[in-house]
Amino acid sequence: MATVFAALNWVLARLCCWDSVFALLGLFVFSCLVQKMTNRGPMLWPVLGMVPCVLLHINDIYNWATMAFIKTGGTFKYRGMWMGGARGILTVDPSKIEYMLKTNFQNFPKGKYYRERFYDLLGDGIFNADDELWKQQRRIATMEIHSTQFAKFSLESMQELVEKKLMKLIQKLASSGDSIDVQELLLRFTFDNICTAALGVDPGCLALDLPEIPFAKAFEEATESTLFRFLVPYFIWKPMKFFGLGHEKRLKEAVAFVHNFATNIVMDRRKELVKNNSLNRRCDLLSRLMEMEENNFSNKFLRDLSVSLILAGRDTSSVGLAWFFWLVQQNPVVENKILLEIKDILSKREKEEIWETVVFTGEELRKMIYLQAALSESLRLYPPVPIDIKEVIDDDVFPDGTVVKSGDRVLYCLFSMGRMEYIWGKDCLEFKPERWIKDGKFVSENQFKFAVFNGGPRLCLGKWFAYMQMKMVAAAVLLRYEVKVLEGQNVVPKVTTTLYMKNGLLVRFKPRAW
C-alpha cells in the first residue's frame, strides 16, 4: 500500500510540474500574440524585451532600425531585459527632438543612465554634466571658444599641423606607394589637433614613423571600454567593475593613465602661472581658463573639462572625414566640383603659388561653399554619433500626443533620420551636396532635422571648429592627391556610440597630375 501511495504522489507531483510548464508556455504565447497585434515596432518579448531582435540584427543594426522607423512612421516603443530598467521610445521625429532639446529642455537631461556609464572617464566634465554644473562649464567654455584669440590660435595651429605634419606623412606614403587606414590616420590628426587646442600639448601621433603614443592608446582603450557599458545590462558590468574583470579592468587602468596625464598637465601649467604670473604667451583653452581670475577652478574641474573636450574633438571630425573620403571616391562628379571650387578660390590670390605648398587661410576656407555642402551631406548620411539618448525626469507628452513616463529613456537615431523620405525627400539615400546650396550660398538646415551638432541650449560649441578642421584637411588632401580606396573592403559601420568604420578604410594616395 505504501508503494501505491508513493507512486500516486510521484504522478501528482509530475502533473503539477507539467501544469506549471504548460501554463507558463500559454502565458508566453498569449503575451507574444498581444504584442504582435498591438505593437507596430519590433517585437517586445516577455522577460527579454527587444533584446532578441537586437541580437538577431546586430550585424546590420542601423539599417534594421531604419526599416523599423519607416514601418512605424518614425517612433516606436522599446523595452530591455527584465530587471535591466531600460524602457521608453526610439524616434527620428524632428518635432520630438526639438521638444526634448529646446522646448522642454529641462525635463530631458542626459540623465543617470548616461552619466553613470561615462563617469569614470569624464567625471563631471561638460559632456557628462547636467543642471548647474553643466551651465557653469557651458558659460566659461562659450566665452573662450568664441573668443578672437582662440579662433586665431586654433586656425594657426591647425594650419601648422596639416602642412608640416599631415601633408609630410601623406607625401611619404605616396612616394612609397604604401596603403594606410585613413580612419586611423585621421584619428591621429584630430587627437594631436584637439590636444594642442585644449591642452597646449602636441602628443606627436603624426610623426613620420607613426609611433604608438601611450596617452593616445590609453584614451582609445578608455573610450572603447566605456562603450561596453552601453551594450550590456548594469547587473553585468557593475559586478565586473567590482571584481576588476575584463573590460572593467582595462577601463580602470586606462582611465588612471589618462587622468594622471591630464592632471600632470594641469599642475605643470599652474606652476608655470605662479612662476611667470601670467600665461599670456599661451592661447590653449586650459591656459585661458586658468587666467580667469574671477574663477578658482580645481584641478579636477579642469581635468574633467579637458578630457571631455578631447573626447568630442577627437572623434567627430575624424570619423566624419573618413566617411567623406569614401563617399567622394564613389562620386567622382562631386570630387571634380570640389576641386573646381578650390582652384577657383586659389586663382584669386595676388601671387601664384605652387599647389604643393599652399596653406589655406580662414577666409578661403569660408568661401568653400560646395566643400562644406559635401561635408554636411556626408555627416547627414554617416553622423559621427549615430544614436543619442535623453532621460525623462517627469511624466510628459510630446506635441503629437506620445506619452513618456518618468524614468523612460528617449533614444533618437541620427543615422536613420538621414534615411527618412518624409524628412529629406525621395532622394534621401543619395549623396547630393546640392541639397545644401541655394542661389550659390550654403543653407543651414533646421538643427532638429540635422541634429549632428546637437541642438537647443546644448548646440555644439565647437561646430565652427569642426567645419574649419574638416574643410582644411579635405581641401589640402584633395588638392594634392587622389584618394584611392583599395578594392575588396567591407565598408560598414561599427556598433558603438561613435560611427567608426568597422574594418577601417585602406587607401593609397596618388599625387595629382595638374
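Our structure's up above, just so we're on the same page.
Just so you know, these numbers come straight off a predicted model, no measurement behind them.

> How should I be thinking about the pattern of salt bridges in this particular structure?
When their charged atoms lie close together, side chains carrying opposite charge are able to pair. Evaluation of the coordinates by the stated rule reveals 37 salt bridges. Among the ionic pairs, E224 bridges to K494, the shortest N-O distance being 3.5 Å. Residue E224 is found in helix α9 (residues 214-231), and its partner K494 is found in the loop between β10 (481-485) and β11 (506-511); the two are separated by 270 residues along the sequence. For E224, a relative accessible area of 25% gives the class partly exposed. Assessed through its relative accessible area of 28%, K494 is described here as partly exposed. Of the charged contacts, one joins E363 and R366 as a salt bridge, the two residues approaching to 3.3 Å between their closest N and O atoms. With a gap of 3 residues between them, E363 and R366 both fall in helix α15 (residues 362-366), about one helical turn apart. What makes E363 partly exposed here is its relative accessible area of 41%. Overall, the relative accessible area of 55% leaves R366 in the exposed class. Taken together, the shared-partner salt bridges in this structure form one network comprising R115, D124, K300, R303 and D304.

> What is the right way to read a nonpolar patch on the surface from this model?
On the surface, V47, L48 and W82 cluster together to form a nonpolar patch covering roughly 340 Å² of accessible area. Mapped onto the secondary structure, L48 falls in the loop between α1 (2-38) and α2 (51-56). For L48, a relative accessible area of 38% translates into the label partly exposed.

> Teacher, can you tell me more about the sheet that holds strand β3 (residues 180-181) here?
One open sheet accounts for 3 strands, arranged β3-β11-β10; its pairing is antiparallel. Bordering the open sheet on either side are β3 and β10, each of which pairs with just one other strand. Inspection of the sheet shows β10 paired to β11 by 5 bridges, in the antiparallel sense. Note on β11: the bridge partner recorded for K484 is R508. On the sheet, helix α19 (residues 463-480) packs against β10 and β11 and is oriented at approximately 95 degrees with respect to β10.

> How should I be thinking about the packing of aromatic side chains in this particular structure?
In this description, an aromatic ring pair is defined by two values, namely the gap between the centres and the angle between the planes. Overall, the coordinates contain 31 aromatic pairs when judged by the stated rule. Centroid distance F453 to Y467: 5.5 Å. Interplanar angle 35 degrees. Geometry classified as tilted. In this pair, F453 is assigned in the loop between β9 (441-442) and α19 and Y467 in helix α19, connecting sequence segments 14 residues apart. Comparing F453 with Y467 shows no difference in burial state: the two are buried. What links up through ring pairs into an aromatic cluster is the set Y62, W323, W326, Y382 and F415. For R419, the ring lying beneath its charged end belongs to Y382, and the centroid distance is 5.1 Å. The ring centre of W424 lies 4.4 Å from the NZ or CZ of K449, which sits over that ring.

The rules we used
Note on numbering: residues in each chain are counted from 1, in written sequence order. pLDDT decides what is reported in this predicted model: residues at 70 or higher carry local features, side-chain atom pairs at 80 or more are listed and counted, and totals for whole chains, interfaces and linings draw on all residues regardless. Hydrogens and water are ignored here; the side-chain numbers use all heavy atoms of the structure. Just to be clear on terms, a salt bridge is a Lys or Arg side-chain nitrogen sitting within 4 Å of an Asp or Glu carboxyl oxygen. Secondary structure follows DSSP: runs of H or I at least 4 residues long count as helices, runs of E at least 2 residues long count as strands, and numbering of each begins at the N terminus. Residue burial is assigned from relative accessible area. The probe radius is 1.4 Å, only protein chains are included, and a residue is buried under 20% of its type maximum, exposed over 50%, and partly exposed in between. The patches described consist of residues with a relative accessible area above 30% and no salt bridge, like charges being joined within 9 Å and nonpolar side chains (Val, Leu, Ile, Met, Phe, Trp, Tyr) within 5 Å. Note that accessible areas follow from Shrake-Rupley with a 1.4 Å probe, and for residues the cover is restricted to the protein chains shown. One bridge is not enough; two strands pair if DSSP finds at least two bridges between them. In what follows, residue pairs with any heavy atoms lying within 4.5 Å of each other are defined as contacts. To get an axis, fit a line to the C-alpha atoms, keeping to the stretch in contact for a helix; angles then go from 0 to 180 degrees between the N-to-C directions. Any two rings among Phe, Tyr and Trp, with Trp reduced to its six-membered ring, count as a pair given centres within 6.5 Å; such a pair is stacked if its planes are under 30 degrees apart, edge-to-face if over 60, and tilted if neither. Comment: the charge-over-ring label is applied if NZ (Lys) or CZ (Arg) is within 6 Å of the ring centre and within 35 degrees of the ring normal.

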